[in-house]
Amino acid sequence: MERQKKLLILGGITHMIDVVETAKNMGLYTIVTDNNEESPAKKNADKAYHISTADIDALEAMARQEQIDGVLTAFDDINTWNAQLLTERLGLPFYATKEHLEISSNKDRFKEFCRRFDVPVIEQYEKDDGVPVRYPVIVKPVDSYASKGITVCQNEVELYDAVEKARRFSRHGRVLVERFIDTNHGVEMYYTLQNGEVILSAVTDRFVHNQGHQSPPLPIATIYPSSHLAEFVSKHDANIREMLRGMGLKNGLVLIQSLYEGGKFYIYEMGYRLSGEQHYQIVKRQTDVNLLEMMIDFAVGEDISKYDLSNFDDGFMRYPSCNLSVLLGPGTIREIKGLEEILDLPSVISWVPTREVGDEITVTGSYSQMLGRFNIVCQTIEELNGTIRDINRTLEVVSENGEDMVLARYLAGEKVS
């Protein structure tokens, strides 16, 4: 009888429950580890350890004792680095090298590749380059994630404070200052790499809420397919594919973010991992190809060529879809109303909560203000817009003061420019 393969999963946040359940359904033995004994995904796993995902020595010893066949993490840049280092020590497969993660997580290096392959980027200001700073600007750590350490500045006084803040959030103490494009609309591109082939899995419209003149915009909805799909493919898809090949990427999932202004795309960030939106769930409904299963198989050394993506290139989308984010304002959550009713809607395929009753929300300008995300797949755009309106009417998040904590709601059918 063939031995059951073991998958070590780094991180036990709510997002990872789907990873655990998917791996178990594939016949794998699942082990989850992090330094939080109450991590939600640990309750679903076959076994759990209370070892920090940053303690590579302890993880290596445990993995060898358990005879681990593969290591996986998702949705989290820090744990992606930890998984890469651990698999390197164990001699196990991992889709990215250290060099790949350096490029994808460092905004400076990513922009260098964009320029090299004629991919448009947002203008930036360098110290002492003689170019006068035109406000507003956005200040970012070159290597942070989840919108941490980011500030929008209107003048030189704010710029000074923002640079110091960004440095504190940067592992290398380095900061990026770019022109701030004041728009609520961006375009996201999802690429899948499989044995050296590059596939465009989706192009989406991303809508954000700007909650103040210093806070970075945060997402409220991602709509599939993008109204700019054909335009993006004709202008930039070929160059981005060449860029990904030029980076040496062979396998894995890539998210590229852009802003859209005046008929132009401005690429500004890349993620090389499973996205927090869990876009693979929507792709599965569109194509019957499960990208999470593909990445799990890759992690345990299975041949992933059986996942046939050839018919779903160029952002193929059969059904209108949405990843709907719920952003919260300040306060402590006393009650969440209407969630069960929403989850009974047939077009709502998943809900991933990141906050719960009792949590205190502060305005940080980061993803910590997000209650969670719905994934929605419908037959028509009219049905999609109706479902979003139903969610907006039904969901209430009430503070201890009796106030509505939902910061912004996506207006279904909003026109893009």
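Summary of the structure given here.

About the cut-offs
Residues numbered from 1 in each chain as written. Predicted model: local features only at pLDDT ≥ 70, side-chain atom pairs only at ≥ 80, totals over all residues. Heavy atoms only, no water. Pairing = 2+ DSSP bridges. Helix = DSSP H or I, 4+ residues; strand = E, 2+ residues; numbered from the N terminus. Salt bridge = Lys/Arg side-chain N within 4 Å of Asp/Glu carboxyl O. Axes fitted to C-alpha atoms, helices over the stretch in contact; angles between N-to-C directions. Contact = heavy atoms within 4.5 Å. Bend = angle between axes of the 7 residues up to and from the residue. Buried < 20%, exposed > 50% of the residue type's maximum accessible area, 1.4 Å probe, protein only.

### Looking at the sheet that holds strand β16 (residues 360–361)
- Taken in spatial order, the 3 strands make up an open sheet running β16-β14-β18, and their pairing is antiparallel. A strand with exactly one partner marks an edge of an open sheet, and here the two such strands are β16 and β18 (396–399).
- The sheet contact formed by strand β14 (residues 331–337) and β16 spans 2 bridges and is antiparallel. Following the sheet pairing, Gly 331 is matched in β16 by Ile 361.

### Description of the pattern of salt bridges
- By the definition in use, this model includes 27 salt bridges.
- Two residues, Lys 140 and Glu 178, come together in a salt bridge whose shortest N-O distance is 2.9 Å. Of the two residues, Lys 140 is situated in strand β5 (residues 137–141) and Glu 178 in strand β7 (residues 175–179); the sequence distance between them amounts to 38 residues.
- One salt bridge connects Arg 241 with Asp 313, and the closest N-O pair in it is separated by 2.7 Å. Here Asp 313 lies in the loop between α9 (291–299) and β13 (321–328) and Arg 241 lies in helix α7 (residues 229–246), a separation of 72 residues in the sequence.
- Here the residues in one salt-bridge network are Asp 57, Glu 60, Arg 64 and Arg 89, joined through shared partners.

### A closer look at the sheet that holds β7
- Sheet architecture is open: 3 strands sit in the order β6-β5-β7, paired in antiparallel fashion. Among the strands making up the open sheet, the edge pair consists of β6 (151–153) and β7. Going across the sheet, the axis of each strand differs from the next one's by a mean of 25°, ignoring polarity.
- Pairing of β5 with β6, which is carried by 3 bridges, proceeds in the antiparallel orientation. Looking across to β6, one finds that Val 139 is bridged to Thr 151.
- Contacts from helix α5 (residues 107–116) reach β5 and β7, with the element oriented near 50° to β7.
- Strands β5, β6 and β7 of the sheet are contacted by helix α6 (residues 156–169), whose axis makes an angle of about 20° with β5.

### A look at α7
- The sharpest bend along α7 reaches about 55° and sits at His 236.
- Taken together, the buried positions of α7 are Leu 229, Phe 232, His 236, Asp 237, Ile 240, Arg 241, Met 243 and Leu 244.
- At the C-terminal side of α7, Gly 248 shows a positive phi close to 85°.

Nothing here speaks to function; it is geometry throughout.
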